[in-house]
Amino acid sequence: MTLTLYNTLTRRQEPFETVEPGKVKMYYCGVTVYDYCHLGHARACIVWDVVRRYLQFIGYEVRYIQNFTDIDDKILNRACVEHSSMEAVADRFIKAYFEDMARLGIKEADEYPRATHTMNGILRLIHDLENKGFAYPADGDVYYAVRRFSEYGKLSGRRLEDMQAGASDRVNVEDPEYQKKKDPFDFALWKAAKPGEPAWKSPWGAGRPGWHIECSAMVRDRLGDTIDIHAGGADLIFPHHENEIAQSEAVTGKPLAHYWLHNGMVKVDGEKMSKSLGNFITIRELLDRGVDPMAVRLLVLTAQYRTPIDFTDEAIADKTNAWQTLKAGLLFGYQYGKQLGWEVEKAENSLIENPKSKIQNSYIERFQQLVNDDFNFPGGLTVLFELAKELHREGNILVHQGKTETPALELQRQWQTLVTLAGVLGLEAKPEIETSTTEGLSDAEIEAKIQQRQAARQARDFAESDRIRNELQAQGITLIDSREGTRWHRN
Ligand SMILES: Nc1ncnc2c1ncn2[C@@H]1O[C@H](COP(=O)(O)OP(=O)(O)OP(=O)(O)O)[C@@H](O)[C@H]1O
Ligand SMILES: [Zn+2]
């Protein structure tokens, strides 16, 4: 079974082959930290989190780096409005980033480089570009000479000539940057310090780096000249990633990344959800409303990762329902394991030690076959839902008939498979939280209530009998009356 990926660079789906066998070097262009993260960022972070988890699941050792852009005009503007510093604004929103992502169950990257901590690498790259004739200083700024890089446009498929035709009437000749550039398409690698702005020393005078060079330097610093996967949102293909390629490859003469992968946008009424457009909902707002983080994950994973998603309240409601189904399957073992004679804790531990030993089966194979096709997570999810529905059905049979159709050991394997595959997608149901509402009543207490209700019924006190039923229902316990007596189950 081979993993094949759609590569933005070649516009084809290709077999995945790494530079070093068994190892993946992966870089994701993370957030510019000037505000809380919105659902668009959540999508990007969830997609790359799951890509990393999946690569690990199929046996790769993954080194995953995600940056924070902590030098930017937008951060400076916010600092100015708040009478604060760029560093303070960045620190605040980096802290918020970690809080939000933890709530969504995003695993931390191996490292989170920041532009401000990569200044030497940035200066070295600009220096090398200048030495090789790809950069020129202009009045304290330094620009990249786009026309010197013959492959410019290879990622986005844009040709300078076409862009020129389209852009000629949009160029602002009054713009001071325009005056300094030799060509309107050249872009800033270094910007001369402006009064009151943070600045770093450089051979071209005090200033700060441009956005694109930050990433080129961080990739090189942490991962080397050529990496396996460079990821980011589709909005970054041009100019950001095109410029990263121009900068890095002009210096090293080697490909920056073999696979360029891009997640589709979260949209609102057809437009990109974006901080700058103001049409966003933050992750914390959404979760504070009571939306389950796993419903957000499902919203992201039920769409192919490259296609756009429309964010609507209905979509969230729909995924919340879907999560209930999956959750029921994931909690099966905790709910019925003891009754079925499993040793749940032992089984879980052995899963952690050796996830594949216990669960080699056709479900895993099918899951892998589906996901190997360009990270088809929606396909993979169908396997999870199949397992969850089956377990849910067996749970109902157990409650009503006192035994299951499928042998207990087979059910245990199915449950373990479901938990493992869900873990690959970062989907987790926490038994201590999910069952906490019923934890107040032990099995014996529930039985006692049922006895009381039985007595009330015999005394034809149906109001009292209903009261007890409703009281139990409110605590997540359903009663089922039959000729043999009353059975119960936790919902
Ligand atoms: N609406 C969105 N849907 C999917 N991914 C997004 C969306 N908005 C941003 N991203 C991705 O999130 C990452 C961080 O984005 P960044 O902080 O640069 O946001 P941004 O695009 O500048 O913000 P905005 O456009 O909201 O002002 C990038 O990889 C970007 O492609
Ligand atoms: Zn980047």
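None of the values given here were measured: they were computed from a predicted structure.

*Asks:* Help me out: how do you make sense of the pattern of salt bridges in this one?
*Replies:* Oppositely charged side chains can pair when the atoms bearing their charge come close. Applying the stated criterion across every chain, the model contains 43 salt bridges. Here glutamate 394 ties to arginine 393 by a salt bridge, and the two come within 3.8 Å at their closest N and O atoms. For glutamate 394, a relative accessible area of 0% translates into the label buried. Residue arginine 393 is classed as partly exposed on the basis of its relative accessible area of 34%. Among the charged side chains, a salt-bridge network with shared partners connects Asp35, Arg78, Glu82 and Arg92.

*Asks:* I keep staring at the UniProt feature "binding site: Zn(2+)" (unreviewed entry) in the protein chain and nothing clicks. Help me out?
*Replies:* Annotation from UniProt places "binding site: Zn(2+)" (unreviewed entry) at Cys29, Cys215, His240 and Glu244. Considering the C-alpha atoms alone, the annotated residues occupy 216 residues of sequence yet fold into one spot, their largest mutual distance being 10.9 Å. Residue classification places cysteine 215 among the buried residues on the basis of a relative accessible area of 1%. Setting aside anything within four residues of it in sequence, one finds cysteine 215 in contact with Tyr27, Cys29, Asn67, His240 and Glu244.

*Asks:* How do you make sense of the site of ligand 1 when you look at a structure like this?
*Replies:* Taken together, 23 residues are adjacent to ligand 1, and Thr32, Asp235, Met273, Lys275 and Ser276 come closest. In this structure, an oxygen atom belonging to ligand 1 sits 3.1 Å away from a main-chain N or O atom of cysteine 29. Contact distances for ligand 1 include 3.1 Å between an oxygen atom and a side-chain N or O atom of histidine 38. Summarising the interface, the protein chains cover 96% of the accessible area of ligand 1, which totals 600 Å² for the free molecule. Breaking the shell around ligand 1 down by element, the ones donating at least two residues are α1 (39-57) and β9 (227-233). When the residues that make up the shell around ligand 1 are grouped by side-chain class, the tally is 8 nonpolar, 11 polar and 4 charged.

*Asks:* Please explain the coordination of the zinc ion (ligand 2) as it appears in this structure.
*Replies:* Listed as protein donors to the zinc ion (ligand 2) are Cys29 (SG), Cys215 (SG), His240 (NE2) and Glu244 (OE); their distances from the metal cover 2.0 to 2.7 Å. The sequence motif formed by the donor residues of the zinc ion (ligand 2) is C-x185-C-x24-H-x3-E. Linking cysteine 215 in helix α7 (residues 211-223) with glutamate 244 in helix α8 (residues 237-252), this pair joins segments that are 29 residues apart in sequence. Side by side, cysteine 215 and glutamate 244 carry an identical accessibility label, which is buried.

*Asks:* Could you clarify how one ought to interpret the pairing of strand β2 (residues 12-15) in this entry?
*Replies:* Along any regular strand, the residues point their side chains to alternate faces of the sheet. As defined by bridge partners, strand β1 (residues 4-7) adjoins β2 across 4 bridges and the pair is classed as antiparallel. Bridge pairing in β2 links tyrosine 6 to glutamine 13. Between the antiparallel neighbours β1 and β2 lie 4 residues, among them arginine 11 with a positive phi of about 60 degrees.

*Asks:* So what exactly am I meant to see when it comes to the packing of aromatic side chains here?
*Replies:* A complete count under the given rule lists 24 aromatic pairs for this structure. Both rings, one in tyrosine 54 and one in phenylalanine 375, keep their centres 6.3 Å apart while their planes meet at 90 degrees; by these two values the pair is edge-to-face. Taken as a pair, tyrosine 54 in helix α1 and phenylalanine 375 in the loop between α13 (362-371) and α14 (377-401) lie far apart in primary sequence, 321 residues in all. Seen from their ring centres, tryptophan 342 and tryptophan 415 are 5.6 Å apart, and the 35 degrees between their planes marks the pair as tilted. One end of the pair, tryptophan 342, is in the loop between α11 (313-336) and α12 (344-353); the other, tryptophan 415, is in helix α15 (residues 408-424), with 73 residues separating them in the sequence. Overall, the relative accessible area of 1% leaves tryptophan 415 in the buried class. An aromatic cluster of at least three residues, connected via ring pairs, comprises Trp48, Tyr54, Phe57, Tyr305, Phe367, Phe375 and Phe377. For arginine 148, the ring lying beneath its charged end belongs to phenylalanine 134, and the centroid distance is 4.7 Å. Seen from the ring of tyrosine 136, lysine 182 lies directly overhead, with NZ or CZ sitting 4.3 Å from the centre.

*Asks:* Before we go on, may I ask you to explain unusual backbone geometry in this structure?
*Replies:* A negative phi angle characterises most non-glycine residues, just as the trans form characterises most peptide bonds. Cis rather than trans, the peptide bond between phenylalanine 238 and proline 239 has omega equal to 0 degrees. As for its position among the elements, proline 239 is in helix α8. Its identity as a non-glycine residue notwithstanding, aspartate 269 has a phi of 50 degrees, on the positive side. Position of aspartate 269 relative to the elements: it lies in the loop between β11 (266-268) and β12 (271-272). The exposure class of aspartate 269 is exposed, given its relative accessible area of 75%. Although it is not a glycine, arginine 460 sits at a positive phi angle of roughly 55 degrees. Note on placement: arginine 460 falls in the loop between α18 (443-458) and α19 (462-474). According to the relative accessible area criterion, arginine 460 is exposed, its value standing at 64%.

*Asks:* Would you mind going over empty space enclosed by the protein with me for this structure?
*Replies:* Any empty space left between atoms is shown by rolling a water-sized probe over those atoms. Applying the stated criterion across every chain yields a total of 1 cavity of 30 Å³ or more. Considered as a void within the structure, the largest cavity measures approximately 30 Å³ in volume. Of all elements in the fold, only α1 and β4 (61-66) reach the threshold of two or more residues within the lining of the largest cavity. The residue inventory of the lining of the largest cavity, partitioned by class, reads 4 nonpolar, 1 polar and 2 charged.

Basis of the calculations
Residues numbered from 1 in each chain as written. Chains lettered and ligands numbered in written order. Predicted model: local features only at pLDDT ≥ 70, side-chain atom pairs only at ≥ 80, totals over all residues. Heavy atoms only, no water. Salt bridge = Lys/Arg side-chain N within 4 Å of Asp/Glu carboxyl O. Buried < 20%, exposed > 50% of the residue type's maximum accessible area, 1.4 Å probe, protein only. UniProt positions renumbered as here; feature names shortened; annotations may be inferred. Contact = heavy atoms within 4.5 Å. Near = heavy atom within 4 Å. Polar contact = N/O pair within 3.5 Å; in protein donor to acceptor, adjacent residues only side chain to side chain. Areas by Shrake-Rupley, 256 points an atom, 1.4 Å probe, with all protein chains shown as cover. Helix = DSSP H or I, 4+ residues; strand = E, 2+ residues; numbered from the N terminus. Nonpolar A, V, L, I, M, F, W, Y, C, P; charged D, E, K, R; others polar. Donors = N, O, S within 2.8 Å, 3.2 Å for Na, K, Ca; no water. Pairing = 2+ DSSP bridges. Phe/Tyr/Trp six-rings, centres within 6.5 Å; stacked < 30°, edge-to-face > 60°. Lys NZ or Arg CZ within 6 Å of the ring centre and 35° of its normal. 1 Å grid on protein atoms, 1.4 Å probe; cavity = no way out; pocket = protein on both sides within 12 Å on 5 of 7 lines; lining within 4 Å. Points joined across faces, edges and corners; volume = space filled by probe spheres on them.

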